[in-house]
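# Structural features, examined
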There are 2 protein chains.
Amino acid sequence: MAQKDTVKSILNAAEELFSERGFAETSLRNITTKAGVNLAAVNYHFGSKKSLIQAVFARFLTPFCEDLEQELDAVQAQLDGHVPQLPGLLMLLSQTALRAGHDSPRRLGIFMRLLGLAYTQGQGHLRRFLQKEYGPVFKTFMRLVTAATPELSDEDRFWRIHFMLGATVFTLSGADSLTAMAEHDLGKGSDIAQVVDKLIPFLASGLNAPHQAG
Amino acid sequence: MAQKDTVKSILNAAEELFSERGFAETSLRNITTKAGVNLAAVNYHFGSKKSLIQAVFARFLTPFCEDLEQELDAVQAQLDGHVPQLPGLLMLLSQTALRAGHDSPRRLGIFMRLLGLAYTQGQGHLRRFLQKEYGPVFKTFMRLVTAATPELSDEDRFWRIHFMLGATVFTLSGADSLTAMAEHDLGKGSDIAQVVDKLIPFLASGLNAPHQAG
DNA sequence: AACTGTTTCAAACATACGTTTAAAACGAGA
DNA sequence: TCTCGTTTTAAACGTATGTTTGAAACAGTT
């Protein structure tokens, strides 16, 4: 019991509620009620609402980035002068991400939603926090992607990477409603892992598109 | 003077502030101060904050959708039994969109940001409003896209359309910060129109990707 | 059993919000 | 100039928020 359970259930409740309604629309009273703890517990354990938000991100991102860093090091080690292959890099990234929400695959969707919120919603403190804390791993990944796509100009590569990021964050963050739509429109739902499977060829093909026409 | 100016400056201020901070984080006091009007003016002219939000969307979307509908009718008329071509459809959409923010191209970025917010942020009333008001035009467009991509399964097409939507909304809504990043990283900025130019081959190639591998 | 540091709790605090109100200012038509 | 409907204004209302407080409950140690 004691501290660990309170902290954990606050994080669980906050993660879910934030992803459903956004940060500003979720009150500490919503969170503490859902978590079954006292209102003051958030400020006692985390200090402020802002710190709670950052803690929610850190709980997911820290293990994910450590894992990813290891995987990337492994790739770099066995490269041995060879050029890395793009589909492999994408697979590796998606596999690591799927693994990060190891208890339920739904958790990746929840987290992608949070990530989308972090970018669209104001929350300047959050962007600064994420950049400072997890920027380096992203840089490492980008270096490998650059090596894997030598035929692209720096400019094209820059923009296409962000196109890919957009397609990913948007669809995975809306996966719940999108699979519901898919089920309704064509009688065929999908889970997150299947959506990722569909996403990868789309992204790989887009990244390697010819420069001008389609 | 009189009504028109007050209403207009409220809409202008709201559009900009909403796109910068989100809906919940922008107070009516922020908006009225920026607009240089009295606090009560919003409730007097629009009725409530919710209605203001919808009015911001309507001001952009209504002329855009009317324009798009005409263009689509024209395409359909001159089809004459032929199959529509995908790149043409995408161009048509992007041109219409760029035209909708006719005074400044920056406005399209602002509006895309709002669109992203509408999806990520709670705002159930907004999604219902958008669906009811502008759903039909979207359906028409989708019918043409379906005709233009007969080789795709309904499932693949459904998901890839949303991948495209995600890449578009995400990058155009973040165009301001992204072009700043691009300028910093590779000494080469871009305006919205140029980003759209880069986007189209990426999207077209992704939509036509082979089913399995990349 | 008494003490100590930590965690929980109910209650209150100050602040910011969206909305309402009633009076004042305005502008066009008689 | 007076009138009437519209618009603007300053002030207030009720509510919900994040945060703080001080006492109570708890767990481990001597």
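Residues numbered from 1 in each chain as written. Chains lettered and ligands numbered in written order. Predicted model: local features only at pLDDT ≥ 70, side-chain atom pairs only at ≥ 80, totals over all residues. Heavy atoms only, no water.

## Quick word on the overall build of chain A
Heads up, the condition is: For the purposes of this entry, the term helix denotes a DSSP run of H or I that reaches at least four residues, the term strand denotes a run of E that reaches at least two, and both are numbered from the N terminus. Type-normalised accessible area, obtained with a 1.4 Å probe on protein chains alone, sets the label of each residue: buried when under 20%, exposed when over 50%, and partly exposed for intermediate values. Values of accessible area rely on a 1.4 Å probe in the Shrake-Rupley scheme; residue burial ignores everything except the protein chains shown. For the purpose of counting charges, residues Lys and Arg are taken to be positive, whereas Asp and Glu are taken to be negative. His and the chain ends are not included. For the purpose of locating charges, the reference atoms are NZ of Lys, CZ of Arg, CG of Asp and CD of Glu.
Each helix and strand counted, chain A has 10 helices and 0 strands in total. Ordered by position from the N terminus, the helices and strands of chain A form the series α-α-α-α-α-α-α-α-α-α. Here the C-alpha coordinates of chain A stretch approximately 55 × 45 × 30 Å along the principal axes. A total of 214 residues make up chain A; the buried ones form 52% of that total. As displayed, chain A offers around 10400 Å² of accessible surface, 55% of which is attributable to carbon and sulfur atoms. Both charge centroids of chain A, one from 21 positive and one from 22 negative side chains, sit 8 Å from each other.

## Things to note about the relation of the copies chain A and chain B
Quick reminder of the rule: Least-squares fitting of one copy onto the other uses the C-alpha atoms of those residues that reach a pLDDT of at least 70 in both copies. In this description, contact between two residues means that some pair of their heavy atoms is separated by no more than 4.5 Å.
Once chain A is rotated about the relating axis by 180 degrees and shifted along it by 0.0 Å, it coincides with chain B to within an RMSD of 0.1 Å. With respect to symmetry, the two chain copies, as superposed, fit the operation of a two-fold axis. Interface residue correspondence from chain A to chain B reaches 100%, placing this contact among same-surface, isologous pairings.

## Let's talk about helix 4 (residues 49-79) of chain B
Applicable threshold: The span you would expect from a helix comes to 1.5 Å times its residue count less one. A residue's bend is the angle separating two fitted axes: one through the seven residues that end there, the other through the seven that start there.
Taking 1.5 Å as the rise per residue, helix 4 of chain B with 31 residues should run 45 Å; its terminal C-alpha atoms sit 44 Å apart, in good agreement. The principal kink in helix 4 of chain B, of about 35 degrees, is found at Ala58 of chain B.

## With respect to the domain arrangement of chain A
All names here are of chain A. Rules: What fixes the domain bounds is an automatic or database domain assignment. Buried area counts how much accessible surface, traced with a 1.4 Å probe, disappears from two parts once they are put together, with both parts' losses summed. Just to be clear on terms, a salt bridge is a Lys or Arg side-chain nitrogen sitting within 4 Å of an Asp or Glu carboxyl oxygen. Here a polar contact is recorded for every N or O atom pair within 3.5 Å, except that within protein the pair must consist of a potential hydrogen donor and a potential acceptor, and residues adjacent in sequence are included only if both atoms are side-chain atoms.
Domain assignment breaks chain A into domain 1 (1-47) and domain 2 (54-207). Once you take the C-alpha centre of each, domain 1 and domain 2 turn out to be 27 Å apart. In this complex, domain 1 contributes 14 residues to the contact, which on the side of domain 2 involves 14 residues. Per-residue buried area on domain 1 facing domain 2 is highest for Glu15, Ser19 and Phe23; these three make up 57% of the total on that side. Applying the counting criterion to the domain 1 and domain 2 interface returns 3 salt bridges. Across the pair Glu15 and Arg107 runs a salt bridge, and its minimum N-O distance is 2.8 Å. Put simply, domain 1 and domain 2 have 5 residue pairs in polar contact (both at pLDDT 80 or more) between them.

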